[in-house]
Amino acid sequence: MKTTSTCWSCGAPGGAAEPICPSCGKVQPPPPAGARPDRFATLGFEPSFDEPEGLDERFRALARKLHPDRFARATAQERRYSLEQTTRLNDAYKTLKDPVRRAEHLLQLRGIEGDPKMSPEFLEQTMEDREKLLEAKMSGQPLEALAAGVREKRDETLREVRRLLENGGDLSHAAELLARMRYYARYLDEVEGRSVEL
Amino acid sequence: MALFQISEPGESHARQACTTGAVGIDLGTTNSLIAIVLADGKPQALAVDEGSALLPSVVHYGAGGGPGSVVIGRPARRLAAEFPRDTIASVKRFMGRSSADPETRRLSPYRFAEGDSSVVRFVVAGGRVVNPVEVSAEVLRALRTRAEDRLGIKVNQAVITVPAYFDDAQRQATKEAGRLAGLEVLRLLNEPTAAALAYGLDKRSQGTFAVYDLGGGTFDISVLQLHQGVFEVKAVGGDSALGGDDFDRALAEILLGEQDRTPHKVRQAIDAARQAKEDLTRAEVAEAMGRQINRSQLEAAIRPLIEKTGGPVRRALKDAGVPDGKGLDGVILVGGSTRVPAVRRYVRELFGLEPLADIDPDEVVALGAAVQADLLTAESPQHDVLLLDVTPLSLGLETMGGLVEKLILRNTTIPASATQEFTTFADGQTGMDIHVLQGERELVQDNRSLAKFTLSGIPPLPAGLARVAVTFQVDADGILSVTAREQLTGVSQTITVKPSHGLTDEEIERMLLASIEHAEEDVQARLLIDNRVEAQRILKATEKQLDSNGDLLSAQERQHIEAQMAAVRKAAQGGDHNAIHAEIEKLDGVSADFAKRVMDRGIERALKGHSVGEFDQGELSAHARKAYAALEAEEGAAGPADSAERPVD
């Protein structure tokens, strides 16, 4: 393990622990894919349910150092490292920026992964909601009340996830709740009509 | 005025500044430009065509085929009316497009070569066949050599702009054209991003901006945020087949009316329409083909086209988190078509903002590209900004039932990667087809197919046990590479998605050979050699099969094949590579059935003593696999299904 944290360029011990070696300033390869990546750590934050303060600023500062544009004149090896580091950085930022992705990642860090089984009650409720939406659309009724109802459910669900995560609750239940967010999102997309054709 | 700046004080600046030989190029549908960053940090477009910075993207292929017979720019445009089929304009519309695209043939006067290649090919003077990449390369080469003349230095590196909405195939084709023209393509930069770069630096502004870019052939909308020296593209959208050319065509339709449409007439009408459109940006009435056209007639004709930009704009604004443009700090106009008053009016309505147009909309993209070229190559760049761009379209894979599973969503910041695991669906399955798609739709058939490849050598396991991880990696140019890796054995395969624009490796090689600016004769010679080699190869192969499997043929069939072999031999002795090629194709046709029978026999032999399940599909050609499947269906029968019809010698 020691060798992986040694800078490939100057050999400084621990040089590869950072994206840029502190002693020679060379870009380092990202950690091996095998290790479970902590997206919070990639940007230098502690795991948290809320968006870490200063996320945008930290992301921009790191992007300015690591982006392939900064290595257009560098060796092929450095260009590859820069590409890998920036890919990883972009992915981490995308995860941390979005409340649902961020919560999913928190669960991942606690060992909860994969698609949870949705409860039949919830699926039934979803079908009903969609039927109502379809009816309302056919009859030309305003959809705002329906959308508001689903938005309320979505926000409540996220609050519940927070409670479970922060107070040591049932994490597999939290995972199922999070999976519901996708259904809500799709519903709301549909309300907005996806008015803009793809 | 721009002319003076360049030829007088600008020139010396240019000499000092452009020591790296890195330029910015706007490879446009209608016009192309080349720009550099001067010593004072200001980007400047170079005059390259009869004193103008705009080089019409028009290539004329003259008869004779010698090096001097290719004409580019204004002189080419003047020849377009007389030689509509030998003068390729707006070639950008054909980049990365297949010849099957309906778009390809719409109202265009060109002759298209037939053939099995999926790429568009134009037949020009003297029967010469050129593809869109080669035509674009001519434009790029003209820009490069004329800039070299002006600057007195070698130009060998460039940032080339592409519409943000260009898909992978179109990007690959553009990069290829750059390489063909002798340029190292440092980066493909999205046009709206380039425009924003030119504006952002000029104004030193912070905030969120929309770039509305309506060029000759493409429409792009981008929403960007400038903050702490980082330009972040939040969303892009557009229509890669909508632009000022469509305005010209709409008006040309009116001008042509019921008249007969010869290529010559169509070209004439389009030219007259373009002129009238330009005149009508200033005047209320213009004349075209002996008719009076007023502004409201033009506007009625193009209004539906202009309104087509509304959908992509609304979607991009929503994706960027500024629905309906609320919270937008400005709208930047790019592209010559935004000079049309009706377009400006529509933009004002759409965004509720007065659009910015203080940098020449024709030049702004090239200027931005020059800035990016400087950022990428200069020891200490003139400006310290970073561009973060996004994928224009979602990227995914075909899954069961013809559905698309998206791995990377549109508007994801690049570089980006994503990995998804798939499993086998049949017991003992040893190969897996990977089909890469680009687009937003659910069904495979509604998206653009980028590539297909097969991962073979998966260990035979019960269905669902093998795990294949497919990884997509999009680089900073927006170009995709795909890796499939079987997790147990580590068997893996990587491709850069490139067969997409329809050119085979041999074609690219041929184009590269042809591009070393040698005379047409050399190319002909090369093609002749290639075709002779191919003829020898296929004759040898056929002979071998006749020797070992001749019993599969009737006397008449054998005679038929042998006669065609003689024809190939004869053609190979002559000097016409087209003739050799044609005879080879014929031989392929005549012996196709024989080849299939040989294949069937091979499978039959291979299967003796093997159970069907043990057979490794991965090692079989597509043809053989089909035969194999048929065989499997007939399992238990004495032999292949068609054995009864087989002639017995």
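Thresholds, definitions, all that
- Here the residue numbering is sequential within each chain, running from 1 through the sequence in written order.
- For naming, the first written chain is A and the first written ligand is 1, with later ones following in the order written.
- Thresholds applied to this predicted model are a pLDDT of at least 70 for local features of residues and 80 or more for the giving and counting of side-chain atom pairs; totals over whole chains, interfaces and linings are not thresholded and use all residues.
- To get the side-chain values, take all heavy atoms of the structure and skip hydrogens and water.
- Here a helix means four or more residues in a row that DSSP labels H or I, a strand means two or more in a row labelled E, and each is numbered from the N terminus.
- Only protein chains enter the calculation, and the probe is 1.4 Å; a residue is then buried if its accessible area is under 20% of its type maximum, exposed if over 50%, and partly exposed in between.
- Exposure was quantified through the Shrake-Rupley algorithm and a 1.4 Å probe, taking into account, for residues, occlusion by the shown protein chains and nothing else.
- Throughout, a contact is declared for two residues whenever any of their heavy atoms are within 4.5 Å.
- Here the quantity called buried area is the accessible surface, traced with a 1.4 Å probe, that two parts lose on coming together, added over both.
- Each salt bridge in this description consists of a side-chain nitrogen of Lys or Arg and a carboxyl oxygen of Asp or Glu lying within 4 Å of one another.
- Ten residue types, Ala, Val, Leu, Ile, Met, Phe, Trp, Tyr, Cys and Pro, are classed as nonpolar, four, Asp, Glu, Lys and Arg, as charged, and the remainder, Gly among them, as polar.
- In this scheme, strands are said to pair when DSSP sees at least two bridges between them.
- Every axis in this analysis is a line fitted to C-alpha atoms, fitted for helices over the stretch in contact. Angles between the N-to-C directions lie between 0 and 180 degrees.
- Here a Phe, Tyr or Trp ring, Trp counted by its six-membered ring, pairs with any other such ring whose centre lies within 6.5 Å, and the pair is stacked when the planes are under 30 degrees apart, edge-to-face when over 60, and tilted otherwise.

Section: the overall build of chain A
Counting secondary structure elements, chain A contains 7 helices and 0 strands. Ordered by position in the sequence, the α and β elements of chain A form the string α-α-α-α-α-α-α. When burial is assessed residue by residue, chain A has 37% of its 198 residues classed as buried. Carbon and sulfur atoms form 52% of the exposed surface of chain A, whose accessible area is close to 11,300 Å².

Some words on the overall build of chain B
A tally of helices and strands in chain B yields 18 helices and 27 strands. Counting only residues that meet the buried cut, chain B has 55% of its 649 residues in that class. Pairs at least 24 residues apart make up 65% of the contacts formed inside chain B by residues separated by at least 6 positions. Within the structure as shown, chain B displays about 27,500 Å² of accessible surface, and the carbon and sulfur contribution to it stands at 50%.

So, the interface of chain B and chain A
Each partner contributes residues to the interface: chain B has 34 residues there, and chain A has 24 residues. It is Gln228, Leu386 and Pro415 of chain B in chain B that bury the most area against chain A; as a group they hold 23% of the surface buried on that side. The interface formed by chain B and chain A contains 2 salt bridges. Residues Arg187 of chain B and Asp69 of chain A are paired through a salt bridge, measuring 2.1 Å at the closest nitrogen-oxygen approach. Every element with two or more residues in the side of chain B that touches chain A is listed here: strand 14 (219–227), strand 15 (230–239), helix 10 (310–319), helix 12 (364–377), strand 19 (386–388) and strand 22 (416–423) of chain B. Looking at the side of chain B that touches chain A, the element that brings in the most residues is helix 10 of chain B, giving 5 residues. Taken together, the residues of the side of chain B that touches chain A sort by class into 13 nonpolar, 11 polar and 10 charged.

A few points about the sheet that holds strand 15 of chain B
Residue and element names in this part refer to chain B. The sheet built from 5 strands is open, its strands ordered 18-13-14-15-19 with mixed pairing. Each having just a single partner strand, strand 18 (330–334) and strand 19 make up the two edges of the open sheet. Adjacent strand axes in the sheet meet at a mean angle of 25°, parallel and antiparallel pairs treated alike. Where strand 15 lies against strand 19, 3 bridges are found, and the strand directions are parallel. When the sheet's bridge partners are listed, Val230 is paired in strand 19 with Leu386.

A look at the sheet that holds strand 9 (residues 122–124) of chain B
The strands making up a sheet associate through hydrogen bonds between their backbones, and the pairing can be parallel or antiparallel. All names here are of chain B. The strand order across the open sheet formed by 3 strands is 8-9-10, and the pairing between neighbours is antiparallel. Bordering the open sheet on either side are strand 8 (111–112) and strand 10 (128–130), each of which pairs with just one other strand. The pairing of strand 8 with strand 9 spans 2 bridges and is classified as antiparallel. By the bridge assignment for strand 9, Arg111 is matched with Val123.

Comments concerning the pattern of salt bridges
Under the definition given, this model contains 53 salt bridges over all chains. Between Lys26 of chain A and Glu78 of chain A there is a salt bridge, with the nearest N and O atoms lying 3.5 Å from each other. In this pair, Lys26 of chain A is assigned in the segment before helix 1 (39–42) and Glu78 of chain A in helix 3 (residues 76–97), connecting sequence segments 52 residues apart. We note a salt bridge from Arg569 of chain B to Glu543 of chain B, for which the minimum N-O separation is 3.0 Å. A residue pair is termed long-range when its members are at least 10 positions apart, and Arg569 of chain B in helix 15 (residues 555–573) and Glu543 of chain B in helix 14 (residues 520–549) qualify at 26 residues. Taken together, the salt bridges that share partners define one network made up of Glu152, Glu156, Arg159, Glu160 and Arg163 of chain A.

Re unusual backbone geometry
Residue and element names in this part refer to chain B. With an omega of 0°, the peptide bond between Ile414 and Pro415 qualifies as cis. Turning to its location among the elements, Pro415 is positioned in the loop between strand 21 (403–408) and strand 22. At Glu50, a residue that is not glycine, the phi angle is positive and equals roughly 50°. Following the sequence through the fold, Glu50 ends up in the loop between strand 3 (43–45) and strand 4 (55–56). Phi is positive for Asn411, close to 65°, though the residue is something other than glycine. Structurally, Asn411 is set in the loop between strand 21 and strand 22.

A short note on the pairing of strand 25 (residues 467–474) of chain B
Remember that side chains alternate between the two faces of the sheet whenever the strand is regular. Residues and elements named next belong to chain B. Within strand 25, 6 of the 8 residues are buried, which leaves it mostly tucked inside the rest of the structure. As paired elements, strand 22 and strand 25 share 8 bridges and run antiparallel to each other. Paired with Ala416 across the strands is Val474, a residue of strand 25. Once strand 25 ends, the chain turns through 5 residues before running back antiparallel as strand 26 (residues 480–486), passing Gly478 with a positive phi of about 85°.

Section: the packing of aromatic side chains
Scanning the model with the defined rule gives 10 aromatic pairs over all chains in all. Centre to centre, the rings of Phe122 of chain A and Tyr184 of chain A are 6.0 Å apart; their planes meet at 90°, and the pair counts as edge-to-face. Placement of Phe122 of chain A in helix 5 (residues 120–138) and of Tyr184 of chain A in helix 7 (residues 171–191) is noted, with a sequence separation of 62 residues between them. With relative accessibility at 7%, the residue Phe122 of chain A sits in the buried group. Put simply, the rings of Phe94, Tyr110, Phe112 and Phe122 of chain B touch in pairs and so form one group of aromatic residues.

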